[in-house]
Amino acid sequence: MRHGAHKTHKAAPQYLQLAQSLFASSRGSHSTRNVRAVQLANGGAVLGLDQAVADKLNEIAPQTRRSIREAARAAERHSTFMASASLAALVGTAAGAIAIANPNALELADDDPATTTTQFKPVTVGDTTASASRSQSRTPLSEIASSTTVSEDGSSQQTANEGDWQLNDDSASMDVNSMSRSVANNPVVASLMDIDYDQLPSGFDPNHATGENGGNAYPDGQCTWYAYNRRTELGLPVGSYFGNGGDWADSARTFGYWVDSTARHVGDIVVFRAGQLNADPNYGHVAIVEKINADGSIEISESNAKGLGVISTRTISASDAAQLQFIHY
């Protein structure tokens, strides 16, 4: 039995009515479309609507601006998290590779050097604390262009600043020869070299080997024994094994000593060849210059000229001194 006319409009199923209401043109925030959209977005269910259809409607339903912004922020946070995780994994992989290749490369220093912090304090001027300024730290040149200096005896001296440099009398007469020009390690030798600067042999090395080896190796009381002791007392170099007295000049030359036939300084070693000027005919003799006289004669100190271990002095004429050899330094 039919309860209506044959042309009566048949009612659409409920889920089609809901879809039509969602996409139908309407106005106002409480329209059927908006209400249904909010219900579906919040996971709401409509009686008689299949869950799969509801999920599909949630995907295609228009979104509000707020939901769009929240979705964008969520996507950005997800992207940042994934990038950070990828970077951490990459760093960990690189560190592991370095540790395997060189176990000592990742060792940390035990002691971290201390850091010192310096605090600058403001300049105090009188009772006022303030930062230094140009007016406080600089003095006009006009105020220091001229000044008067009063000495202890009451006399005064006027000085002027004309803006140029001038040598005073003291600096103009400065003796450059008072400055040491040698490179000798021995200070006594350096002093003597300054005196002999114009007479030094070409290529002379003041730091040559001295031949000193373990101290005085000469027999007690002999002339060589005394010459070693006296020379050392004067701070001058001397060899421990120069041989007999007559051999000392040649031995000194082999080490680089300056040896010639001129007495130059107190402390020079005088060398007598065997039999020369009454020296021992087999061993020769050595002595030390104690004074050089104006006439060219020299005064010497020696041992064993008057007996073993006896220290004595004598004067040798200029003519005899010219025949001898002298070891300087």
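What you are looking at is a predicted structure, and each value in this text was computed from that prediction instead of being measured. (Residues numbered from 1 in each chain as written. Predicted model: local features only at pLDDT ≥ 70, side-chain atom pairs only at ≥ 80, totals over all residues. Heavy atoms only, no water.)

## Section: the overall build of the chain
How we decide: By the criteria applied, helices consist of DSSP H or I runs no shorter than four residues and strands consist of E runs no shorter than two, each listed in order from the N terminus. When checking whether two residues touch, look at their non-hydrogen atoms; a contact exists if any pair is within 4.5 Å.
Along its length, the chain carries 11 helices and 10 strands. Long-range pairs, those at least 24 residues apart, make up 48% of the contacts in the chain with a sequence separation of at least 6.

## A look at the nonpolar core
Definition in use: What is meant by a nonpolar core is a set of buried Ala, Val, Leu, Ile, Met, Phe, Trp, Tyr and Cys residues, joined one to another through side-chain atoms within 4.5 Å. Type-normalised accessible area, obtained with a 1.4 Å probe on protein chains alone, sets the label of each residue: buried when under 20%, exposed when over 50%, and partly exposed for intermediate values.
One finds Trp248, Ile269, Val271, Val286 and Ile327 to be the most contacted residues of the largest nonpolar core, which totals 17 residues. At four residues, helix H9 (residues 223-233) tops the list of elements feeding residues into this core. Apart from residues no more than four positions distant in its own chain, valine 286 is found in contact with Cys223, Thr224, Ala227, Gly245, Trp248, Ile269, Val270, Val271, Phe272 and Glu302. With 12 residues, the next largest nonpolar core counts Val270, Ala279, Ala287 and Val289 among its residues.

## Things to note about the sheet that holds strand S6 (residues 269-272)
Stated precisely, the cut-off is as follows: Pairing between strands is defined by DSSP: at least two bridges between them are needed. Lines fitted to C-alpha atoms define the axes, with helix axes restricted to the stretch in contact, and inter-axis angles between N-to-C directions lie between 0 and 180 degrees.
Judged by pairing direction, the sheet is antiparallel, and its six strands sit side by side in the order S5-S10-S6-S7-S8-S9 without closing on themselves. Both outer strands of the open sheet, strand S5 (259-260) and strand S9 (311-316), are each paired with one neighbouring strand and no more. Pairing between strand S8 (residues 298-303) and S9: six bridges, direction antiparallel. Note on S9: the bridge partner recorded for serine 303 is isoleucine 311. In the packing of H9 onto the sheet, the strands contacted are S6, strand S7 (285-292), S8, S9 and strand S10 (325-327), and the crossing angle to S7 comes to about 40 degrees. Along the sheet face, helix H10 (residues 248-255) touches S5, S6, S7 and S10 and points at about 45 degrees away from the line of S10.

## Some remarks on helix H8 (residues 187-195)
The condition is simple: Counted as a polar contact is a pair of N or O atoms within 3.5 Å, where, for protein atoms, one must be capable of donating a hydrogen and the other of accepting one, and residues adjacent in sequence contribute only when both atoms are in side chains.
Along H8, the positions that sit buried rather than exposed are Val189, Ala190, Leu192, Met193 and Asp194. Capping the start of H8 is the job of one residue whose side-chain oxygen sits 2.9 Å from the backbone nitrogen of valine 188: asparagine 186.

## Here's the deal with unusual backbone geometry
Phi at leucine 277 is positive, roughly 50 degrees, even though this residue is not glycine. Its place among the elements puts leucine 277 in the loop between S6 and S7. Positioned with a positive phi, asparagine 278 is a non-glycine residue whose angle comes to about 70 degrees. On the accessibility criterion, asparagine 278 (80% relative accessible area) is exposed.

## Thoughts on the pairing of S7
Pairing of S6 with S7, which is carried by four bridges, proceeds in the antiparallel orientation. Note on S7: the bridge partner recorded for isoleucine 269 is isoleucine 288. When S7 meets S8, the two strands line up antiparallel, connected through four bridges. The residue of S8 that forms the bridge with valine 289 is isoleucine 300. Following S7, the chain reverses through five residues before pairing antiparallel with S8; glycine 296 in that reversal takes a positive phi of roughly 95 degrees.

## Some thoughts on the packing of aromatic side chains
Formally: Only the six-membered ring of Trp is used, alongside the rings of Phe and Tyr, when aromatic pairs are assigned; centres must lie within 6.5 Å, and planes under 30 degrees apart are stacked while those over 60 apart are edge-to-face, with the rest tilted.
Enumeration according to the criterion identifies seven aromatic pairs in this entry. For the ring pair phenylalanine 242 and tryptophan 248, a centre distance of 5.3 Å and an interplane angle of 85 degrees mean the geometry is edge-to-face. Seen in terms of ring centroids, tryptophan 258 and tyrosine 329 are 5.7 Å apart; in terms of plane orientation they differ by 75 degrees. Their pairing is edge-to-face. With tryptophan 258 in the loop between H10 and S5 and tyrosine 329 in the segment after S10, this residue pair connects regions lying 71 residues apart in the sequence. Comparing tryptophan 258 with tyrosine 329 shows no difference in burial state: the two are buried. Each residue in the set Tyr218, Tyr228, Phe242, Trp248, Phe255 and Tyr257 is aromatic and connected to the rest through ring pairs, giving one cluster.

## Quick look at a nonpolar patch on the surface
Here is the rule we go by: Like-charged residues are merged into a patch within 9 Å and nonpolar side chains (Val, Leu, Ile, Met, Phe, Trp, Tyr) within 5 Å, provided each residue has over 30% relative accessible area and no salt bridge. Values of accessible area rely on a 1.4 Å probe in the Shrake-Rupley scheme; residue burial ignores everything except the protein chains shown. Whenever a carboxyl oxygen of Asp or Glu lies within 4 Å of a side-chain nitrogen of Lys or Arg, that contact is scored as a salt bridge.
Taken together, the side chains of Leu87, Leu90 and Val91 define a hydrophobic patch exposed on the protein surface, amounting to about 310 Å² of accessible area. Residue placement: leucine 87 occurs in helix H4 (residues 65-101).

## Concerning the environment of glutamate 290
Mapped onto the fold, glutamate 290 is located in strand S7. In this structure the C-alpha to C-alpha distance between glutamate 290 and threonine 315, which are 25 residues apart in sequence, comes to 9.8 Å. In this view, glutamate 290 contacts Tyr226, Arg230, Val266, Glu299, Ile300 and Ser301; residues no more than four positions away in its chain are not counted.

## Considerations on the pattern of salt bridges
Side chains that differ in sign of charge can pair as their charged atoms come close. Enumeration over the complete set of coordinates arrives at five salt bridges. The partner of aspartate 260 in a salt bridge is arginine 264, and the shortest N-O contact between them spans 2.8 Å. Relative accessible area serves as the criterion here: at 17%, aspartate 260 is assigned to the buried category. Residue arginine 264 is classed as partly exposed on the basis of its relative accessible area of 25%. Residues joined in a network through salt bridges with shared partners are Arg230, Glu233 and Glu290.

## Topic: H10
To be explicit about the condition: The reported arc concerns the directions from the helix axis to the C-beta atoms and nothing else.
Taken together, the buried positions of H10 are occupied by Trp248, Ala249, Ser251 and Ala252. Across the axial projection of H10, the buried residues extend over an arc of 165 degrees, all falling on one side. Elements in contact with the buried residues of H10: H9, S5, S6, S7 and S10. The first or second residue beyond H10 is glycine 256, which carries a positive phi of 105 degrees.

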